[in-house]
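Structural overview for review
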Amino acid sequence: MWKCPPLRRAAGQDPRGKGQFMKAVLIPGDGIGREIAESVKAVSQALDTGIEWQEYAAGAEYAAEHGELLQPGVLDAIEQCGWALKGPTATPIGKGFRSINVQLRQRFNTYANLRPVRTLPGVAARFENVDLVIVRENTEDLYKGIEYMLTDDIANGVKLITRDASLRICRFAFDYARRHGRRKVTAVHKANIMKLTDGLFLNCFRQVAADYPEIEADDVIIDALCMKLVQKPEQFDVMVAPNLYGDIISDLCAGLVGGLGFAPSANIGDKVRIYEAVHGSAPDIAGKNLANPSAILMAFAMMLKDLGQAGAADRLNSAIQAQVAEGKVVTADIGGTAATTEFTQAVIARL
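Residues numbered from 1 in each chain as written. Predicted model: local features only at pLDDT ≥ 70, side-chain atom pairs only at ≥ 80, totals over all residues. Heavy atoms only, no water.

So, unusual backbone geometry
Positive phi, close to 60°, is recorded for Asn129, a residue that is not glycine. Inspection of the secondary structure assignment puts Asn129 in the loop between β4 (112–118) and β5 (131–137). Residue classification places Asn129 among the exposed residues on the basis of a relative accessible area of 67%. Of note in the backbone geometry, Asp141 takes a positive phi value of approximately 65° without being a glycine. (Helix = DSSP H or I, 4+ residues; strand = E, 2+ residues; numbered from the N terminus. Buried < 20%, exposed > 50% of the residue type's maximum accessible area, 1.4 Å probe, protein only.)

Quick look at helix α8 (residues 243–256)
A rise of 1.5 Å per residue sets the reference length of α8, with its 14 residues, at 20 Å; its end C-alpha atoms lie 20 Å apart and thus fit the reference within 8%. The inward-facing, buried residues of α8 contact β4, β5, β8 (184–189), α6 (197–209), α7 (222–231) and β10 (238–241). Count one or two residues on from α8 and you reach Gly258, which has phi positive near 115°. (Expected span 1.5 Å × (residues − 1). Contact = heavy atoms within 4.5 Å.)

Some remarks on a nonpolar patch on the surface
Taken together, Ile146, Tyr148, Leu150, Ile154 and Leu160 make up a surface patch of nonpolar side chains, about 420 Å² in accessible area. Looking at where Leu150 falls in the secondary structure, it is placed in strand β6 (residues 147–151). (Patch = residues over 30% accessible without salt bridge, like charges linked within 9 Å, V, L, I, M, F, W, Y side chains within 5 Å. Areas by Shrake-Rupley, 256 points an atom, 1.4 Å probe, with all protein chains shown as cover. Salt bridge = Lys/Arg side-chain N within 4 Å of Asp/Glu carboxyl O.)

Examining the packing of aromatic side chains
For the structure shown, the criterion picks out five aromatic pairs. With 6.4 Å between their ring centres and 90° between their planes, Tyr111 and Phe172 make a pair best called edge-to-face. Within this pair, whereas Tyr111 is found in the loop between α4 (100–107) and β4, its partner Phe172 is found in helix α5 (residues 163–179), the two being separated by 61 residues in sequence. Measuring from centroid to centroid gives 5.4 Å for Phe174 and Phe205, while their planes differ by 40°, and the two rings are tilted. Linking Phe174 in helix α5 with Phe205 in helix α6, this pair joins segments that are 31 residues apart in sequence. Take Phe174 and Phe205: they sit in the same class, and that class is buried. Of the aromatic side chains, those joined through ring pairs into one cluster are Phe174, Phe205 and Tyr212. (Phe/Tyr/Trp six-rings, centres within 6.5 Å; stacked < 30°, edge-to-face > 60°.)

Regarding the layout of surface pockets
Over the atoms, a rolled probe matching the size of one water molecule traces out where space is still vacant. Put simply, the second largest pocket is a space of about 620 Å³. Around the second largest pocket, the lining is made up of 23 residues, and of these Pro116, Arg118, Tyr176, Met302 and Lys305 lie nearest the centre. Contributions of two or more residues to the lining of the second largest pocket are made by β4, α5, β11 (264–268), α9 (294–306) and α10 (310–326). Among the elements that take part in the lining of the second largest pocket, α9 stands out by supplying five residues, more than any other. Class assignment of the residues belonging to the lining of the second largest pocket gives a composition of 14 nonpolar, three polar and six charged. (1 Å grid on protein atoms, 1.4 Å probe; cavity = no way out; pocket = protein on both sides within 12 Å on 5 of 7 lines; lining within 4 Å. Points joined across faces, edges and corners; volume = space filled by probe spheres on them. Nonpolar A, V, L, I, M, F, W, Y, C, P; charged D, E, K, R; others polar.)

Concerning the pattern of salt bridges
A full pass over the atoms with the stated rule returns 23 salt bridges. The partner of Arg182 in a salt bridge is Asp131, with the nearest N and O atoms 2.9 Å apart. On the criterion of sequence distance, the pair formed by Arg182 in the loop between α5 and β8 and Asp131 in strand β5 is long-range, its members being 51 residues apart. With a shortest N-O distance of 2.9 Å, Arg350 and Glu326 are connected by a salt bridge.

See the structure below:
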């Protein structure tokens, strides 16, 4: 069973007089990232979390100015702290650098991507009472990035699936289900066609499932799963998938509950956790104080819970939900006119 990395605290006393404070890395990212990162800092202070943020730049905008994707020192800081919160970073399509998200996940072996998806009162959605969890293998599959040109006209990519990684992610999913009282875990695959790669993943799932007899286990082919999710999502609970399928169904499930504006995520390893908002950098509204910070605040709540501050996490989630449900001071993406700062202050007032 995965255990949270030990709390790594800075030397010295907390200026609040409550003992030692804790350091964590904050990466605002591109576009609206700077604005929503300010929301996190304001909420963290209001909740009196004792977190000292070590802020670093990363992304396409930083690369355009400095010629490198990551500000020097950020990798060492993440390794030393063990905890990081990240805003959106842009990735060029079909050319240029590899995704920073993928690079960080592979660098720190954060092998499990955890994406809870729930409907929120006040957010227009296709369905009611959706409550799903996607567990995505984070380090291999086609996202391993093993690509090459056979000729000028033929490109090849390697779908890498290993037994160790498959067993690890499936056990993570069942452990999560057991700890959180979930009733079922579903494996997502295409083993009818990719009999060796997805076949290995499915065999590992079945092997692990045998150790959790109290939890229902089944499997669904990826294309059939997509159809079933948009017809009757309540038939699923926890889903575990290889990297590419997990990425696809994570966004599909976010669409079931109103979009990526309320989709937090955690990337989990044995020594490091990186939490993030999974939406894009929205360059069209960057710098205009219009962005909805809910996703990164919900990711921050996930971080707080894992840090042992469950009470603060619950207060934050409840404040976001109440503010959105009221519908008065909300951002434009959910029908309001509030600025990012106004929405943030309204949430803080509810804390």
